[in-house]
Amino acid sequence: MKMRRLLGAGTALILAMGTSLAMAKEVSIGYVDGWSDSVATTHVAAEVIKQKLGYDVKLMPVATGIMWQGVATGKLDAMLSAWLPVTHGEYWAKNKDNVVDYGPNFKDARIGLIVPEYVKAQSIADLGSDAGFKKKIVGIDAGSGVMLKTDQAIKDYDLAGYKLQASSGAAMTSELGRAYAKQQPIVVTGWVPHWMFAKWKLRFLEDPKGVYGAAETVNSIGSKELDTKAPEVAAFLKKFSWQSKDEIGEVMLAIQEGAKPDAAAKEWVAKHPERVAEWTAK
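Residues numbered from 1 in each chain as written. Predicted model: local features only at pLDDT ≥ 70, side-chain atom pairs only at ≥ 80, totals over all residues. Heavy atoms only, no water.

(A) Focus on the overall build of the protein. Secondary structure assignment for the protein yields twelve helices and nine strands. Structurally, the protein occupies a C-alpha span of about 90 × 40 × 30 Å along its principal axes. Residues counted as buried form 48% of the 282 residues belonging to the protein. Carbon together with sulfur atoms contributes 55% to the accessible area of the protein, which is approximately 13900 Å² in total. The averaged location of the 32 negative side-chain charges in the protein is 5 Å from the averaged location of its 35 positive side-chain charges. (Helix = DSSP H or I, 4+ residues; strand = E, 2+ residues; numbered from the N terminus. Buried < 20%, exposed > 50% of the residue type's maximum accessible area, 1.4 Å probe, protein only. Areas by Shrake-Rupley, 256 points an atom, 1.4 Å probe, with all protein chains shown as cover. Lys, Arg positive; Asp, Glu negative; His and termini not counted. Charge placed at Lys NZ, Arg CZ, Asp CG, Glu CD.)

The structure is reproduced here in structure tokens:
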């Protein structure tokens, strides 16, 4: 009886160790907290990885440069917010030999300067002669691709005296909302996909000099070690892609209206099992 108890205890210990090892499978994903598309995409992907692939997922909100550096050095396993080829072109050039590109998770992305439809200016060049903007462009986090391109646009379009105000995605949309409510001129750095296009009537200023580039893709990027460390996750990232701005917009709008990102992601995954099945099919 004593021997049987010992064997039972040993079996239980081995099973517990096996369970512990299984639960120890973890991947880390970096994202930019101020970018609504980055938050939505990353949380949905994380939910699928947890539910369907059996990995714990550690989500790390970081600045753009740190996100790229983290994946390139292996401190982060992946990111799903690489805007290519223009917006994050400098980051790609610096880190491309140390990362793996799993392809686009969103196509037809775009960055540029955005104004309300009631504004008269049609082109970036018009900002120079329109005093209503008070020589200010409301930006997001310093170092992001759209901010770097806007610094270039100020030079290329000779917008003498213009100041690019660094803030955050949330602060930018708050200032846009206040100006919109009063029908005041405002110009902000922005991008699609973004929930603000569903909330307000906005448009991009024309960019005849092509500073901001044409339509881009948002790509999933992994560390060199990810294929070996978590092959199922790497396989998923190769397949994971939004069909349209409306599909990702469903998640972004839910978060904007007050849902926690992880709750919005869980709800979306529960509502769209056929899409999840496409991404995780072997």
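(B) Focus on the pattern of salt bridges. Summed over all chains, the structure comprises seven salt bridges. Between E47 and K50 there is a salt bridge, with the nearest N and O atoms lying 3.9 Å from each other. In this pair, E47 and K50 are both assigned in helix α2 (residues 36-53), three residues apart and thus about one turn of the helix distant. When the shortest N-O distance is used, the salt bridge between K245 and D246 registers 3.9 Å. (Salt bridge = Lys/Arg side-chain N within 4 Å of Asp/Glu carboxyl O.)

(C) Inspection of the side chain of N95 at higher detail. By the element assignment, N95 lies in helix α4 (residues 89-95). Not counting the four nearest positions on each side in its chain, N95 is found in contact with W68 and A72. (Contact = heavy atoms within 4.5 Å.)

(D) Main features of the confidence of the model for the protein. Residue-level pLDDT values for the protein average 91, and 91% of them are 70 or greater. The low-confidence segment residues 1-7, where pLDDT is below 50, has zero contacts with residues more than four positions distant or belonging to other chains. Contacts of residues 12-22 to residues separated by more than four positions or lying in other chains number one contact, the stretch itself having pLDDT below 50. (pLDDT = per-residue confidence, 0-100.)

(E) Spatial organisation of helix α9 (residues 231-239). Taken as a whole, α9 has its buried residues at V233, A234, F236 and L237. Take α9 and look down its axis: the buried residues cluster within an arc of 160°, on one side only. (Arc of directions from axis to C-beta.)

(F) Examining the environment of S81 more closely. By the element assignment, S81 lies in strand β3 (residues 78-84). On a C-alpha basis, the gap between S81 and V48 in space is 17 Å, while along the polypeptide they are 33 residues apart. Side chain to side chain, S81 and S38 meet in a polar contact 2.7 Å long. (Polar contact = N/O pair within 3.5 Å; in protein donor to acceptor, adjacent residues only side chain to side chain.)

(G) Inspection of the environment of K134 at higher detail. Tracing the sequence through the fold places K134 in the loop between β4 (99-116) and β5 (136-138). Along the chain, K134 and S36 lie 98 residues apart, while their C-alpha atoms are 27 Å from each other.

(H) Local environment of the pairing of β3. Among the seven residues that make up β3, seven are buried, leaving the element largely enclosed by the rest of the structure. Relative to β3, strand β1 (residues 26-31) runs parallel, the two sharing two bridges. Bridge pairing in β3 places I29 opposite A78. In this sheet, strand β9 (residues 216-223) lies alongside β3 in antiparallel orientation, the contact comprising five bridges. (Pairing = 2+ DSSP bridges.)

(I) Looking closely at helix α11 (residues 261-271). Three or more residues of α11 are buried, namely A264, A265, W268 and V269. One side of α11 holds all its buried residues, which, seen down the axis, span an arc of 130°. Contact partners of the buried residues in α11: α2, α10 (245-256) and α12 (273-280).

(J) Here's a closer look at the packing of aromatic side chains. This model, assessed by the stated rule, comprises 14 aromatic pairs. Summarising the aromatic geometry, the rings of F236 and W279 are spaced 6.5 Å apart at their centres and angled 70° between planes, so their arrangement reads as edge-to-face. On the criterion of sequence distance, the pair formed by F236 in helix α9 and W279 in helix α12 is long-range, its members being 43 residues apart. Just as F236 is buried, W279 falls in that class too. These aromatic residues form a ring-pair network of at least three members: F236, F240, W242, W268 and W279. The ring of Y55 carries K25 above its face, with NZ or CZ at 4.3 Å from the centroid. Between the NZ or CZ atom of K209 and the centre of the ring of Y157, over which it lies, the distance is 5.6 Å. (Phe/Tyr/Trp six-rings, centres within 6.5 Å; stacked < 30°, edge-to-face > 60°. Lys NZ or Arg CZ within 6 Å of the ring centre and 35° of its normal.)

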